[in-house]
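Structural characterization, general
If you want the building blocks of each chain, they are given just below.
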Amino acid sequence: MARRSRTSATFRRALAVVVATALTLTTPSVLAPPAARAGAATPNAVVAWHVHAQTTIYDVARQSPNAASRSFAMVQGAVYDAVNAIAGTPYEPYLTAPRARRGDSVPAAVAAAAHHVLLSLFPAQADALQARYAAELARIPEGRAKRGGIAVGEATAAAMIEDRRADGAFDASVTWPVGTAPGEYRLTPPNFVQSGAWYAFLKPFVIRDPSRYRVPGPPALTSAAYARQLNEVKVLGSAASTVRTPAQTEAATWWDDFNMVEWQFRRVLATNQRLGNLETARLFAQTDMATVDALISCYQQKRRWSFWRPVTAIPLAGADGNPATTADPSWQPLRATAPSAEWPSGHACYTSATMVSLRSFFGRDDLPFHAYSPDSGTTRHFTSLRKAQAEVQPARVWAGVHYRAAAVLGDRLGTAVTGEVLHGFGRPARR
């Protein structure tokens, strides 16, 4: 990593998760210079429509990272099936392989698949989506190839929309259990809202049983392990910390940006690797589906343990029964705490799923990549997927939003779930 932050010592407690499957490696491809998100020509239609999807999903709709993961996975799954069908179905389709000719226009298929899924998710943006769709189609010569590509994309979009109908998303009747006893989850400032609990019951994209993946619970409130973790985040994660370094503050902010840097990683690597449309579509769909399925298991574990977040625990430390902790009623974290229970860290689950998927796809770890965060105002550069993955764990502590073990366990849970996704998605078709 070009701009390197010193991380804390590796957490040494023995922690375990159920790991059901081994990772499957795919054939590596070769690298080229990255295109900037805005204003630069994109290397293929899949990357172009991933940018359009981000504009719709986040820039305009402002979906939260967990909700956005579902939206991206739907878009990329439909795009993958469309491109795969036109290529002659060299890989197993995700949902469908509509009738297609190899001469059908891939850009038209990608545009139709992405547009129709996005329109189903964000009907309020219909005018903007239609204008973008028309502009992209105008670049493609009229004729049979264009008509064929559109038909293929429309078919895969319809299959995805139908498959995700009534999948449990945005069910407002599902709420987080909230308690009042020491250690029990309480709604968090600044807004004290119930949000995102439905994710624990969302229909997975690939894995069969999200509940198979579990993490051990948090340490007892009276234990030395709990005091050590609470005091670490109290000192390093405070908005007013004098111990956290500027580099750590930057990393904490960069990783916590809702304009998620992981979305950029995928485009940078696909561009640098000179991936074609099919390989890009397979990579993006695999990675997005892994993040959703990892978050489902993660949110089930959050619900199971329902532990209080540092923003609650530190002001109420006088009630935890631990003589090694002291309350600070005015304590505030560097970054706002997401409205979900502690244990494990959802961001760690998400990022490990992303990095494991990328590492598996390319068959190597030493890949240079970078991303820009509007929140931190900086671009961070990495030379290794593992280094980026490892940095998330202390970064969640530096942000003041998680205990260290919650981040460690989130990383392990996301890795385990992604193993099953890689085993079940996009395998070479049997002939």
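The sections below set out a description of the structure shown in this document. Keep in mind that this is a model prediction, so the values were computed, not measured.

So, about the overall build of the chain. Counting its secondary structure elements, the chain contains 13 helices and 2 strands. Relative to the 2.2 N^0.38 estimate, which gives 22 Å for 431 residues, the radius of gyration of the chain is 22 Å and therefore close to what a compact globule would have. A total of 431 residues make up the chain; the buried ones form 57% of that total. Relative to all contacts within the chain whose residues are 6 or more apart in sequence, the contacts with residues 24 or more apart total 82%. Just so you have it, the chain exposes about 16500 Å², and 55% of that area is on carbon and sulfur atoms. Across the chain, the 46 positively charged side chains and the 31 negatively charged ones have centroids separated by 4 Å.

Bringing unusual backbone geometry into the picture now. Between proline 189 and the following residue, proline 190, the backbone shows a cis peptide bond with an omega angle of 10 degrees. Checked against the element boundaries, proline 190 lands in the loop between helix 5 (144-163) and helix 6 (224-236). Here the residue pair tryptophan 343 and proline 344 is connected by a cis peptide bond, since its omega of 0 degrees sits within 30 degrees of zero. Of note in this structure, threonine 89 is not a glycine but carries a positive phi near 55 degrees. Relative to the elements of secondary structure, threonine 89 occurs in the loop between helix 2 (65-86) and helix 3 (106-121). With phi around 50 degrees, phenylalanine 192 is a residue other than glycine that occupies positive phi space.

Here we take up the pairing of strand 2 (residues 378-382). Of the two faces of strand 2, only the one carrying Thr378, Arg380 and Phe382 is buried; Thr379 and His381 on the other face are not. Here strand 1 (residues 369-373) pairs with strand 2 via 5 bridges, running antiparallel. Its bridge partner lying in strand 2, tyrosine 372 is registered against threonine 379. Linking strand 1 to strand 2, which pair antiparallel, is a turn of 4 residues; within it glycine 377 sits at a positive phi near 70 degrees.

Let's shift gears to the packing of aromatic side chains. For the structure on display, the rule yields 23 aromatic pairs. With 6.1 Å between their ring centres and 50 degrees between their planes, tyrosine 226 and tyrosine 403 make a pair best called tilted. In this pair, tyrosine 226 sits in helix 6 while tyrosine 403 sits in the loop between helix 12 (385-398) and helix 13 (404-424), placing the two residues 177 residues apart along the sequence. One exposure class covers both tyrosine 226 and tyrosine 403, and it is buried. Where phenylalanine 369 meets phenylalanine 382, the ring centres are 5.5 Å apart and the plane angle is 20 degrees; that geometry is what we call stacked. Of this pair, phenylalanine 369 sits in strand 1 while phenylalanine 382 sits in strand 2, and the two are 13 residues apart along the sequence.

On the secondary structure map, glutamate 342 appears in the loop between helix 10 (310-313) and helix 11 (346-362). Judged by its relative accessible area of 0%, glutamate 342 is buried. When near neighbours in sequence (up to four residues on either side) are disregarded, glutamate 342 contacts Lys302, Ser306, Phe307, Trp308, Arg309, Pro310, Val401, His402, Tyr403 and Ala406. Among the polar contacts made by the side chain of glutamate 342, one reaches the side chain of histidine 402 at a distance of 2.6 Å.

Turning to the side chain of arginine 164, a few remarks are in order. Here arginine 164 lies in the loop between helix 5 and helix 6. Within the structure, arginine 164 has its side chain in polar contact with the backbone oxygen of proline 204 (distance 3.4 Å). Setting aside anything within four residues of it in sequence, one finds arginine 164 in contact with Arg70, Met74, Leu202, Lys203, Pro204 and Phe205.

This part covers helix 2. Relative to the 32 Å expected for 22 residues at 1.5 Å per residue, helix 2 spans 31 Å between its end C-alpha atoms, a close match to the ideal helical length. Counting buried residues along helix 2, 22 of its 22 residues qualify, which places the element largely inside the surrounding structure.

At a minimum axis separation of 10 Å, helix 3 and helix 4 (residues 126-138) run at an interaxial angle of 180 degrees. Put simply, helix 3 runs roughly antiparallel to helix 4. Residues Ala108, Ala111, Ala112, His115, His116, Leu118 and Leu119 of helix 3 lie in contact with helix 4, whose contacting residues are Ala126, Leu129, Gln130, Tyr133 and Leu137. Class assignment for the residues of the contact of helix 3 with helix 4 results in 9 nonpolar, 3 polar and no charged.

Right, let's get into the packing of helix 12 against helix 13. Direction vectors running N to C along helix 12 and helix 13 enclose 150 degrees, while the axes themselves pass 8 Å from each other. Classified by the angle their axes make, helix 12 and helix 13 are roughly antiparallel. When the axes of helix 12 and helix 13 are compared, the crossing they make is right-handed. Between helix 12 and helix 13, the residues in contact are Gln389, Gln393, Pro394, Arg396 and Val397 and Arg404, Ala407, Val408, Asp411 and Thr415, respectively. Residues that form the contact of helix 12 with helix 13 fall into these classes: 4 nonpolar, 3 polar and 3 charged.

Our focus in this paragraph is the side chain of serine 352. With respect to the element layout, serine 352 can be found in helix 11. Judged by its relative accessible area of 0%, serine 352 falls in the buried class. Discounting chain neighbours no more than four positions away, the residues touching serine 352 are Gln389, Gly410, Asp411, Gly414 and Thr415.

Rules and cut-offs
Residues numbered from 1 in each chain as written. Predicted model: local features only at pLDDT ≥ 70, side-chain atom pairs only at ≥ 80, totals over all residues. Heavy atoms only, no water. Helix = DSSP H or I, 4+ residues; strand = E, 2+ residues; numbered from the N terminus. Rg over C-alpha atoms; globule rule 2.2 N^0.38 Å. Buried < 20%, exposed > 50% of the residue type's maximum accessible area, 1.4 Å probe, protein only. Contact = heavy atoms within 4.5 Å. Areas by Shrake-Rupley, 256 points an atom, 1.4 Å probe, with all protein chains shown as cover. Lys, Arg positive; Asp, Glu negative; His and termini not counted. Charge placed at Lys NZ, Arg CZ, Asp CG, Glu CD. Pairing = 2+ DSSP bridges. Phe/Tyr/Trp six-rings, centres within 6.5 Å; stacked < 30°, edge-to-face > 60°. Polar contact = N/O pair within 3.5 Å; in protein donor to acceptor, adjacent residues only side chain to side chain. Expected span 1.5 Å × (residues − 1). Axes fitted to C-alpha atoms, helices over the stretch in contact; angles between N-to-C directions. Parallel < 35°, antiparallel > 145°, perpendicular 65-115°, else oblique. Nonpolar A, V, L, I, M, F, W, Y, C, P; charged D, E, K, R; others polar. Left-handed = near helix turned anticlockwise from the far one by under 90°.

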